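# Reading the structure
Listed here are the chains, written in short residue letters.
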Amino acid sequence: MTGEITLYWGTMYSGKTSALISDLIKAGEEAICFKPMIDNRYSNDCIVSHDGIEFPATPIQKASEIFLLLDNKITTIGIDEASLFENDPTFVPTVLKLRDMGYHVILSGLDRTSEDTIFTAMSYLASMADNCVKLRTKCSDCKTNLATISFYIGSEPKTSAIKVGGVGEYIPLCRSCANKRWGK
Ligand SMILES: [Zn+2]
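A short tour of the structure in this document, coming up. Just so it is clear, the model here is predicted, and its values are computed rather than measured. Counting from 1, residues in each chain are numbered in the order their sequence is written. Side-chain atom pairs in this predicted model are given and counted only at pLDDT of 80 or more, local residue features only at pLDDT of at least 70, and totals for whole chains, interfaces and linings cover all residues. Side-chain figures throughout are based on the complete set of non-hydrogen atoms in the structure, without hydrogens or water.

Of the regular secondary structure elements, the protein chain holds four helices and ten strands. A run of H or I in DSSP becomes a helix once it reaches four residues, and a run of E becomes a strand once it reaches two; helices and strands are each numbered from the N terminus. Helices and strands in the protein chain line up, N terminus first, as β-α-β-β-β-β-β-α-β-α-β-β-β-α. Here the radius of gyration uses the C-alpha set of atoms, whereas the globule reference equals 2.2 Å times the residue count to the power 0.38. In terms of overall size, the protein chain behaves like a compact globule, its C-alpha atoms giving a radius of gyration of 16 Å where 184 residues would be expected to give roughly 16 Å. Type-normalised accessible area, obtained with a 1.4 Å probe on protein chains alone, sets the label of each residue: buried when under 20%, exposed when over 50%, and partly exposed for intermediate values. Here the protein chain, with 184 residues, has 52% of them falling under the buried criterion. By sequence separation, contacts in the protein chain at least 24 residues apart represent 72% of the contacts at least 6 residues apart. Surface accessibility of the protein chain: about 8,900 Å² in total, with carbon and sulfur atoms responsible for 52%. Only four residue types enter the tally: Lys and Arg on the positive side, Asp and Glu on the negative side; His and the chain ends are excluded. Just so you know, the charge point we use is NZ for Lys, CZ for Arg, CG for Asp and CD for Glu. Put simply, the protein chain has 19 plus and 22 minus side-chain charges, and the middle of one group is 9 Å from the middle of the other. The contact definition used throughout considers only heavy atoms, calling two residues in contact when any of these lie within 4.5 Å. In this description, accessible areas are obtained by the Shrake-Rupley approach with a 1.4 Å probe, and a residue is regarded as covered only by the protein chains that are shown.

As structure tokens, this is what we get:
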């Protein structure tokens with residue numbers, strides 16, 4: 001079996017987790033999914049798309065824990081909210097190693113921070129990916145243009161690029177609507 005990397009990335013609400021779950025369901029019993037320990041938005045032991053479809057997922061603190069959690073029947077490994085592993089030095093090496101071991105690694109995550117800067121690890125993996133799909137959704141403000149920015153509207157000041165988004169903390173905006181809110 002030849003390993004490969006698939007990456008679904010885009011703004012909030014662009015259907016990244018739905019795409020990941022759909023691929024994992026197709027792989028059936030041979031698929032396993034992981035997610036960052038800090039992401040407790042909906043459930044501790046599964047991932048849930050914004051349209052309510054669930055798939056079991058094991059929370060991990062570091063990507064390298066995946067090596068300890070695989071069994072013989074697994075061929076496909078999903079990692080949801082992959083952009084939250086930005087500060088985990090084991091993340092990129094783990095994904096590349098799993099691919100080299102013959103696994104199909106499917107990642108879902110944000111393409112950029114809400115400050116419109118890159119996630120270094122995600123950008124690197126987008127270059128390395130065999131399949132890279134940028135997903136889009138409509139802008140929440142003008143409802144016309146496709147969104148390109150996950151705009152932060154939370155009440156707490158945002159101190160880190162990887163603050164986990166609760167329901168309603170981020171909205172997808174097109175660049176012109178984001179610029180209006182930024183006062184640019
Ligand atoms: Zn707009």
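On to the coordination of the zinc ion. With distances of 2.3 Å, the protein atoms coordinating the zinc ion are C139 (SG), C142 (SG), C174 (SG) and C177 (SG). Sodium, potassium and calcium take a 3.2 Å donor cutoff, other metals 2.8 Å, and in both cases only N, O and S atoms count; water is not among them, so sites may look incomplete. For four-coordinate sites, all angles between 85 and 135 degrees define a tetrahedron; for four- and six-coordinate sites, opposite donors beyond 155 degrees with the remaining angles between 65 and 115 define square planar and octahedral shapes respectively, and all other cases count as irregular. Metal-centred angles of 102 to 117° between the four donor atoms at the zinc ion mark the site as tetrahedral. All donors to the zinc ion come from one chain, and their sequence spacing reads C-x2-C-x31-C-x2-C. Within this pair, whereas C139 is found in the loop between β8 (131-135) and β9 (149-152), its partner C174 is found in the loop between β10 (170-173) and α4 (175-182), the two being separated by 35 residues in sequence. Since its relative accessible area comes to 3%, C174 is described here as buried.

So, on to the pairing of strand β1 (residues 4-10). The side chains of a regular strand alternate, first on one face of the sheet and then on the other. Of all the seven residues making up β1, six are buried; the element is thus mostly covered by neighbouring parts of the structure. What makes two strands pair is DSSP finding at least two bridges between them. Pairing analysis gives seven bridges linking β1 to strand β7 (residues 104-110), with the strands arranged parallel. Among the inter-strand pairings, T6 is bridged to a residue of β7, identified as I106. Pairing between β1 and β8: five bridges, direction parallel. Opposite T6, over in β8, you have N131 as the bridge partner.

I77, I79, F91, V95 and L107 are the most contacted members of the largest nonpolar core, which has 31 residues in total. Of all the secondary structure elements, the ones that give two or more residues to this core are β1, β2 (31-36), β6 (76-79), α2 (91-100), β7 and α3 (120-128). Ignoring any residue separated from it by four or fewer positions in sequence, one finds I77 in contact with I32, F34, I66, L70, L98, Y103, H104, V105 and I106. Residues belong to one nonpolar core when they are buried, are Ala, Val, Leu, Ile, Met, Phe, Trp, Tyr or Cys, and are joined through side-chain atoms within 4.5 Å.

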